[in-house]
Amino acid sequence: MRTLRRSLVPAAFLLPAIAIYSLLHIAPFLGTFGLSLFDYNGLGRPKFAGGRNYAAMLASDSFYQALINNLVWFAGEVVVSTLVGLGLALLINARPRLAALFRTVLFLPYILSWAVAGMLWSRILNPAPTYGMLNSLLAAIGLSDWTQNWLGDARTVLPSIIVAAIWKGFGFSMVIFLAGLQNIPAELIEAARIDGAGAARALWHVTLPLLRPITSIVIILGLIGTFRVFDPVWVMSQGGPGTASSLLAILVYRAGMNDFELGYSATLSVALFACTAIVMGLYWRIFGRRRVLDD
């Protein structure tokens, strides 16, 4: 009897948290999945559609284009931001006297809202030579042939937004890596130097392996954020021209808010969740197993 009571006490303390989590996360997801099985415009009665919304999604070219764009976003924004943040963290950590100043200055773009950052970069990338800062600079240094309609050309719009996102986002990974570097015991680096390791070998064989948990955190947050990206694309291009810069979250918004196809929007939301779960599962299967083997 005492054993049963001891097992029920922790469960009783967990019940409020489980109830709140179920109310805020599990119930909305089940509701979204249920809505994805209906045709509903928000006004009339929902009509059961079965799997028609899913069939329409899988037959849509815009869905595959958005999925590819999400993968390009991860490769361009998350990977590059992580590498830039790591490099800057290493440089700042090597110069502790100016660490506070550089950390503050380089972190400032991250705290800007995308409403502000998006308008700033839209001004920079404006195609008008007398208005767009980038095209004006290219023309001033004799590179007029390089001027582009950066946000109006299907070939350049997504890379342009990714560059803006890297500028805004690298400060986060930099601060996380800097915190990890400051927790590495200096004795380990000194021992490597005594053993004859140069700066590069100490970095590769000591510092980077010790930063592996921090790197995992940054990449996991980036993976999750990749399929939630909405603000930068909507502010700077609204997914255009056409669907050249559309991401899955943009399709969800357009289907629900512009076309009033709430059932199809819910279908895209379920696909968005499934893509996130699959990518996270693959990451843990590959890198989680490797970490266990290394340990």
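One numbering rule holds for all chains: residues counted from 1, following each sequence as written. Totals for whole chains, interfaces and linings use all residues, but because this is a predicted model, local features are given only for residues with pLDDT of at least 70 and pairs of side-chain atoms are given and counted only at 80 or more. Hydrogens and water molecules were not included; the side-chain quantities draw on all heavy atoms of the structure.

Caption draft 1: Fine view of the overall build of the protein chain. Only DSSP runs of H or I reaching four residues or more are called helices, and only runs of E reaching two or more are called strands; each is numbered from the N terminus. The helix and strand inventory of the protein chain stands at 13 helices and 2 strands. Expected size for 295 residues packed as a compact globule is a radius of gyration near 19 Å; at 24 Å, the protein chain overshoots this value by more than 25%. Along the first, second and third principal axes, the C-alpha set of the protein chain runs to 80 × 75 × 30 Å. A separation threshold of at least 6 residues defines the contact pool for the protein chain, and within that pool the share at least 24 residues apart is 66%. With an accessible surface of roughly 17800 Å², the protein chain has 68% of that area assigned to carbon and sulfur atoms. For a compact globule the rule gives 2.2 Å times the number of residues to the power 0.38, and the radius of gyration it is set against comes from C-alpha atoms. Any two residues whose heavy atoms approach within 4.5 Å are treated as being in contact. Calculation of accessible area relied on Shrake-Rupley with a 1.4 Å probe; when residues are assessed, cover is drawn exclusively from the protein chains displayed.

Caption draft 2: Helix α3 (residues 61–94), seen in detail. Over its 34 residues, α3 runs 49 Å from end to end, which matches the ideal 50 Å to within 8%, given 1.5 Å per residue. At every residue, the bend is computed as the angle between two fitted axes, covering the seven residues ending there and the seven beginning there respectively. A maximum bend of about 25° is found in α3 at W73. Here the expected length of a helix is defined as 1.5 Å per residue gap, with one fewer gap than residues.

Caption draft 3: Geometry of a nonpolar patch on the surface. The residues that make up patches have over 30% relative accessible area and no salt bridge, and they are joined within 9 Å when like-charged or within 5 Å when they are Val, Leu, Ile, Met, Phe, Trp or Tyr. Between Lys or Arg on one side and Asp or Glu on the other, a salt bridge is scored when a side-chain nitrogen of the former is within 4 Å of a carboxyl oxygen of the latter. Together, Y21, I26, F29, L30, F33 and F273 give the surface a local cluster of nonpolar side chains, amounting to about 600 Å² of exposed area. Per-element accounting of the nonpolar patch gives the leading share, 5 residues, to helix α1 (residues 2–35). One can find F33 in helix α1. Any residue under 20% of the maximum accessible area for its type is buried, any over 50% is exposed, and the rest in between are partly exposed; the area is computed with a 1.4 Å probe on protein chains only. Look at F33 and you get partly exposed, because its relative accessible area is 39%.

Caption draft 4: Representation of helix α9 (residues 199–210) within the structure. The end-to-end C-alpha distance of α9 is 15 Å, a good match for the 16 Å that 12 residues give at a rise of 1.5 Å each. What α9 keeps buried is the set A202, V206 and T207. Projection of α9 onto a plane perpendicular to its axis shows the buried side chains occupying an angular sector of 85°, all on one side. Turned more than 90 degrees away from the buried face of α9, the exposed residues are A200, R201, W204 and H205. Here, the arc refers to the directions that run from the helix axis to the C-beta atoms.

Caption draft 5: Structural context of unusual backbone geometry. Cis rather than trans, the peptide bond between G240 and P241 has omega equal to -5°. Looking at the secondary structure, you find P241 in the loop between α11 (231–236) and α12 (248–258). With phi around 55°, Q238 is a residue other than glycine that occupies positive phi space. Positionally, Q238 belongs in the loop between α11 and α12.

Caption draft 6: Seen up close, the nonpolar core. Side-chain atoms within 4.5 Å are what join buried Ala, Val, Leu, Ile, Met, Phe, Trp, Tyr and Cys residues into a set we call a nonpolar core. Counting residues in each nonpolar core, the largest one holds 24 residues, and the members touching the most others are W73, L125, I161, V233 and M236. Broken down by element, this core gets its largest block of residues, 7 residues, from helix α7 (residues 157–182). Excluding anything up to four places from it in sequence, I161 contacts W73, L151, P232, V233, M236, S237 and S245. Counting residues in each nonpolar core, the second largest holds 15 residues, with A66, F227, L268 and L272 among its members.

Caption draft 7: Fine view of the environment of A94. With respect to the helices and strands, the residue A94 is situated in helix α3. The partly exposed category is assigned to A94, whose relative accessible area is 46%.

Caption draft 8: Expanded view of the packing of aromatic side chains. Note on ring pairs: Phe, Tyr and Trp rings are taken, using the six-membered ring of Trp, and paired if centres are within 6.5 Å. Classes follow the plane angle, with under 30 degrees stacked, over 60 edge-to-face and the rest tilted. For the coordinates displayed, the defined rule picks out 9 aromatic pairs. Between F38 and F48, the ring centres sit 5.5 Å apart and the planes meet at 80°, which makes this aromatic pair edge-to-face. Highlighted residues: F38 in strand β1 (residues 38–39) and F48 in strand β2 (residues 47–48), separated in sequence by 10 residues. Relative accessible area serves as the criterion here: at 57%, F48 is assigned to the exposed category. Geometrically, the ring pair formed by W121 and W167 is edge-to-face, given 5.9 Å between the ring centres and 65° between the ring planes. With W121 in helix α5 (residues 114–124) and W167 in helix α7, this residue pair connects regions lying 46 residues apart in the sequence. The class of W167 is partly exposed, set by a relative accessible area of 27%.

Caption draft 9: Examining the side chain of D153 more closely. Note that D153 resides in the loop between α6 (133–140) and α7. Not counting residues within four places of it along the chain, the set of residues in contact with D153 comprises Q148 and P241.

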